[in-house]
Amino acid sequence: PVSFGIRHLAPLWADFMARHPQLTLDLTLTDRFIDLVDEGFDMAVRIARMPSSSLVSRRLASTRMVLCASPGYLRRHGAPARPADLAAHVVLAYNLLATGDTWEFEGPQGTAAVRVKARMQTNSGDTCRAVALGDGGIVLQPGFLVSDDLARGDLVEVMPEYRVSELGIYAIYPTRKHTPAKVRLLIDFLADRLRGA
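Residues numbered from 1 in each chain as written. Predicted model: local features only at pLDDT ≥ 70, side-chain atom pairs only at ≥ 80, totals over all residues. Heavy atoms only, no water.

Engineer: Can you help me understand the environment of glycine 107 in this one?
Structural biologist: Within the secondary structure layout, glycine 107 lies in strand β4 (residues 102–107). The exposure class assigned to glycine 107 is buried, which follows from its relative accessible area of 19%. Between the C-alpha atoms of glycine 107 and tyrosine 162, which are 55 residues apart in sequence, the distance is 4.3 Å. If near-sequence neighbours (up to four positions away) are discounted, glycine 107 is found in contact with Glu161 and Tyr162. (Helix = DSSP H or I, 4+ residues; strand = E, 2+ residues; numbered from the N terminus. Buried < 20%, exposed > 50% of the residue type's maximum accessible area, 1.4 Å probe, protein only. Contact = heavy atoms within 4.5 Å.)

Here's what the structure looks like:
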């Protein structure tokens with residue numbers, strides 16, 4: 001994904017290249033789901049609940065999805081108390097979310113699923129975040145994208161007693177047989193650098 005690639009992977013590439021000067025990197029950042037084999041990629045980093053069973057994967061890290069809004073938005077519109085309350089709020093949606101316009105939460109009474117009607121939808125988590133920071137509405141975004149905003153108080157978690165499933169961050173590659181050494185080196189490097197993240 002573009003936002004994860006820029007924020008968390010881009011700072012690692014210089015170190016990887018310094019450690020392995022014989023390798024050349026050809027990086028593509030996209031939020032589009034790609035077919036590794038058909039499109040000729042050696043490996044991908046995917047953020048998902050569970051990777052495709054037709055490919056080999058290695059878990060590198062995890063992230064949780066956070067429902068949040070700016071203090072300014074919450075002052076003007078109030079905070080939802082339960083998932084059904086989202087119907088009365090401005091929702092800013094990432095339209096590539098695997099669950100589509102149905103958001104699922106684990107809360108005090110168990111699982112609650114709500115179909116949201118987005119006022120704005122986009123294929124960019126960074127855009128959702130920027131509009132939320134401008135008091136534009138409520139977003140459901142991964143912690144890796146909004147954790148600094150939450151720490152500064154620029155965004156506030158809403159309905160913290162209702163959690164969304166954690167997502168794994170995986171290295172995905174086509175096959176365990178004949179995995180090129182360059183791919184193994186990259187996966188081991190990423191696993192080491194993202195451990196505990």
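Engineer: Explain the packing of aromatic side chains here, please?
Structural biologist: Any pair of aromatic rings gets described here by the distance separating the centres and the angle formed by the planes. Going through the model one piece at a time under the given rule, you end up with two aromatic pairs. A ring pair is formed by phenylalanine 4 and phenylalanine 144, whose centres lie 5.0 Å apart and whose planes are at 75 degrees; its orientation type is edge-to-face. Of this pair, phenylalanine 4 sits in helix α1 (residues 2–9) while phenylalanine 144 sits in helix α6 (residues 143–152), and the two are 140 residues apart along the sequence. Just as phenylalanine 4 is buried, phenylalanine 144 falls in that class too. (Phe/Tyr/Trp six-rings, centres within 6.5 Å; stacked < 30°, edge-to-face > 60°.)

Engineer: Could you clarify how one ought to interpret unusual backbone geometry in this entry?
Structural biologist: In terms of backbone geometry, most residues other than glycine have negative phi values and most peptide bonds are trans. Positive phi values are uncommon outside glycine, yet aspartate 135 reaches one of about 65 degrees. On the secondary structure map, aspartate 135 appears in the loop between α5 (125–133) and β7 (138–142). By relative accessible area, aspartate 135 is classed as partly exposed at 27%.

Engineer: Please explain the pairing of β7 as it appears in this structure.
Structural biologist: Residues in a regular strand project their side chains so that they alternate between the two faces of the sheet. Most of β7 is tucked away: five of the five residues are buried. Along β7, one buried face is formed by Ile138, Leu140 and Pro142 and the opposite face, lined by Val139 and Gln141, is buried too. As paired elements, strand β2 (residues 56–69) and β7 share four bridges and run antiparallel to each other. Residue pairing for β7: leucine 67 is matched across the bridge by leucine 140. One ladder, built from two bridges, connects strand β3 (residues 91–94) with β7; its direction is parallel. Pairing of leucine 92 across the sheet is with valine 139, part of β7. (Pairing = 2+ DSSP bridges.)

Engineer: What is the right way to read empty space enclosed by the protein from this model?
Structural biologist: In this approach the atoms are scanned with a rolling probe the size of a water molecule, which exposes any empty space left behind. On inspection of all chains with the given rule, the structure shows one cavity of 30 Å³ or more. Lining the largest cavity are Arg64, Met65, Val66, Leu67, Phe105, Glu157, Val158, Tyr162, Arg163 and Val164. Ranked by residue count, the leading element in the lining of the largest cavity is β2, at four residues. (1 Å grid on protein atoms, 1.4 Å probe; cavity = no way out; pocket = protein on both sides within 12 Å on 5 of 7 lines; lining within 4 Å. Points joined across faces, edges and corners; volume = space filled by probe spheres on them.)

Engineer: Just checking my understanding: could you explain the side chain of threonine 122 for this structure?
Structural biologist: Among the structural elements, threonine 122 can be located in strand β6 (residues 120–122). Overall, the relative accessible area of 13% leaves threonine 122 in the buried class. With residues near it in sequence (within four places) discarded, threonine 122 still touches Ala93, Tyr94, Asn95, Thr127 and Cys128.

Engineer: Any chance you could explain helix α7 (residues 181–194) here in plain terms?
Structural biologist: Counting along an α-helix, one turn takes 3.6 residues, and residues three or four places apart therefore face a common direction. With 14 residues, α7 should reach 20 Å at 1.5 Å per residue; the first-to-last C-alpha distance of 20 Å fits that figure. Taken as a whole, α7 has its buried residues at Val183, Leu186, Ile187, Phe189, Leu190, Ala191 and Leu194. Along its buried surface, α7 packs onto α1, α2 (13–19), β1 (44–48), β2 and β9 (166–173). (Expected span 1.5 Å × (residues − 1).)

Engineer: Just checking my understanding: could you explain the nonpolar core for this structure?
Structural biologist: Nonpolar side chains in soluble globular proteins tend to end up buried together. Among the nonpolar cores identified, the biggest contains 52 residues, and Leu9, Met43, Leu67, Leu86, Trp103, Phe105 and Leu190 are the most heavily contacted of them. Here this core takes eight residues from β2, the largest share from any one element. Once residues within four sequence positions are removed from consideration, leucine 9 is found in contact with Phe4, Val45, Leu190 and Leu194. In terms of nonpolar packing, the next biggest core, distinct from the first, is built from six residues, Ile34, Ala44, Tyr170 and Ile172 among them. (Core = buried A, V, L, I, M, F, W, Y, C linked by side-chain atoms within 4.5 Å.)

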